[in-house]
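Report on the structure
Below, each chain spelled out in residue letters.
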Amino acid sequence: MTRDENSARRLLIDWIPILFVLVTLGLAWAYLFSVEAHKYATEADTALIRPLCYLLTILAPFVMWTCVHRDAVAISDRPRLTFGNGIVIVAVPAVLAGILITGFASTGAIGGFFLGYFLSGRKIRHALLASAISLVIVVGLFGGLLDVGLPLWPWSD
Amino acid sequence: MPEVTVVTEGFGLLWDWRIPAVILMGLAFGLLVGSVPGLTAALGLAIALPFTLTMDQLPALMLLTAIYTGSLTGGGITAILMNAPGTPGAVVTAIDGYAMTKSGRYNQALGLQICASVIGGFVGYIALFFLVQPLSDFALRFGPAEMLALTILVIVTIGSLDDAHFLRVVYSGVLGMLIATIGTSVTTGIPRGSMGIRALEDGVPAVLSVIGLFAIPELISLGGRSRIVASDDRQKTSVRDVLNGARQGLAFRGTLAQGSFIGVLIGVLPAAGATMASLLSYASARRRAKSNEKFGEGAPRGVVAAESANNATEAGSMAILLAIGIPGGAATAVILGGFILHGLVPGPRLFVDNGPAIYGLIFGNMVQMVIVGVMAVGFASIVAHVVRAPSSVLIPCLLISIGCGAFSLRGQLADVAIIYIFGLIGYFYRSYKFAATSLMIGLFLGARLDAEIVRFAVLYGDNLMGAIMRPIAASLLAIAFLITCASLWGSRSR
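Computed from a prediction, not measured in an experiment: that's the story for all the values here. (Residues numbered from 1 in each chain as written. Chains lettered and ligands numbered in written order. Predicted model: local features only at pLDDT ≥ 70, side-chain atom pairs only at ≥ 80, totals over all residues. Heavy atoms only, no water.)

A separate point is the nonpolar core. Among the nonpolar cores identified, the biggest contains 194 residues, and Tyr171(B), Phe339(B) and Tyr420(B) are the most heavily contacted of them. Summarising the domain contributions, this core has at least three residues from each of domain 1 (3–75) and domain 2 (83–145) of chain A. If you look at the next biggest cluster of nonpolar residues, it comprises eight residues, including Val92(B), Phe295(B), Ala299(B) and Ala305(B). (Core = buried A, V, L, I, M, F, W, Y, C linked by side-chain atoms within 4.5 Å. Buried < 20%, exposed > 50% of the residue type's maximum accessible area, 1.4 Å probe, protein only. Domains from an automatic or database assignment.)

Set out below in structure tokens:
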């Protein structure tokens, strides 16, 4: 076997989906045990959970096997993460934390500003526009027009 | 056949000034969302859902379906003018549509697209009118065993659409069903997996999860582009020429009929959706075309075939949603959420309990199909400006809107967390081909199965064969088994 053939046959392992399968499997069993451990639990409470856990356990090794590839082509079709994608991915938990801690209005204004700033390649005009429109959506549309009782500020209930 | 009194009562519900108002608003918003690549019907519906909370049942549902209709039609406009399909279903339209634009025939292409969309959608809803009642009556025979078999079949069918990742898709479906069991047990009332979080005691809200799963990954993907569409193509459309194109579209009667038929049929299949329908219709029209019709180089028949099937899928997916309660895709899942929010539970009992409202909805959708044609002609002239909006402004606004919308549904901050967390899960799923649609089906059907599993155990006990040997359940499981074998064989040979 030539050196080229050897490198072509090298196994490439996609670790992230394997990790996902292992974590979900662990959580599934932990969930089943936590339900069974409840002092008032009966067989009926786990009637669906138990077979689903068994099924996940049976499927898991096969799914993990699909994460082992003989060539790089099989894993090259994944979308590439650009700077812009990364910014939005980071923004999602940041916006969530902002909403939970400081309320919707300040998160809309500040989050909108920073997200607009970084996504636009540091253009202040876009950042201000994003911030202003976000604030209008939160305060004017949802807070005012729809009156859904959003916790707008950190001191809101 | 539908009962005449129920049908006439349903038709009477349309005589309300709010209905045309919400139809116009919904179609305009749908056309806007559909024409913008990166924003899909599901995202538009997710944003609109909180606005329906203060509306009555029929106007609310009409608004949601109008957005769905508008988005399916709008997707084709940017596909033709800029080679930037606004929705996945419009990808096939771009093949011949953009080729026509390059040769200066964009008005004709737009006319053909709009004509085919309107006719495909209209024919689809006529089919829905006649089919939905028998389908619903058939679904009334479904007991727990049939529901279990159907769930297995649906998940396996979704997996079969992507042989290479079949096992990941099935794993996702099972995981979705497991997540759906979280919450207070229906049999003993004990909390299961809610970790003391009050919002989880009623279970993981499927609608919010689905909105997160599909809407947020779209925003993440959009983050990779500075503008929604970078193309500088700015064709000046002429209403008269577009109308002439639409008239020419009427000449392709066979292709329109075939596209509509394929669209309805494929629309019924969960997750298959508009892309597959338009592809099949296009391929079929291409096979039957005369030798002088140059498909791929601007053949009008290609646009008609793709678009008629694209819009007819709406009726197919609505049929399966209304009759059995299975959402075929992300958009219908959000519409299902709208039904539930307004006290309607799609499934076999829907027609028994709410027949007039559903027929009102079907008639309203037929009206929508005609109006969307008129609106699309005007919208085509402004779409070039719309899609040049900077994504750096759009993304923050939509991200915060989704959060506000999540809170407004139940007034709980935990729901905001659920929607954003499922958003990140959705992006992971999209990147690693785990199929968010399969997780979604698991979430919707798992909750129903969990409620019925005790009845299943009481009815059949240890006699599992007794359940499997029921004709409908046995047939569904046999089909699921065959599909599994074919998919595994397909992935093995690949």
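All names here are of chain B. For helix α5 (residues 91–102), which comprises twelve residues, the first-to-last C-alpha distance of 16 Å matches the rise-based estimate of 16 Å (1.5 Å per residue) to within 8%. When you tally the buried positions in α5, you get nine out of twelve residues, the bulk of the element. Looking only at α5, the buried set comprises Val 92, Thr 93, Ala 94, Asp 96, Gly 97, Tyr 98, Ala 99, Met 100 and Thr 101. Looking at the packing, one finds that the buried side of α5 touches α4 (57–82), α6 (106–139), α12 (273–288) and α13 (300–324). (Helix = DSSP H or I, 4+ residues; strand = E, 2+ residues; numbered from the N terminus. Expected span 1.5 Å × (residues − 1). Contact = heavy atoms within 4.5 Å.)

With domains assigned, chain A is organised as domain 1 (3–75) and domain 2 (83–145). When each unit is reduced to the centre of its C-alpha atoms, the spacing between domain 1 of chain A and domain 2 of chain A is 36 Å.

Residues and elements named next belong to chain B. The geometry of α13 relative to helix α14 (residues 330–341) is characterised by a closest axis approach of 11 Å and an angle of 40 degrees between their N-to-C directions. In this view, α13 runs oblique relative to α14, as classed from their interaxial angle. Regarding α13 and α14, the two cross each other, and that crossing is right-handed. Every residue of α14 that contacts α13 at Ser 317, Met 318, Leu 321 and Leu 322 is listed here: Thr 332, Ile 335, Leu 336 and Phe 339. In the contact of α13 with α14, the residues fall into six nonpolar, two polar and no charged. (Axes fitted to C-alpha atoms, helices over the stretch in contact; angles between N-to-C directions. Parallel < 35°, antiparallel > 145°, perpendicular 65-115°, else oblique. Left-handed = near helix turned anticlockwise from the far one by under 90°. Nonpolar A, V, L, I, M, F, W, Y, C, P; charged D, E, K, R; others polar.)

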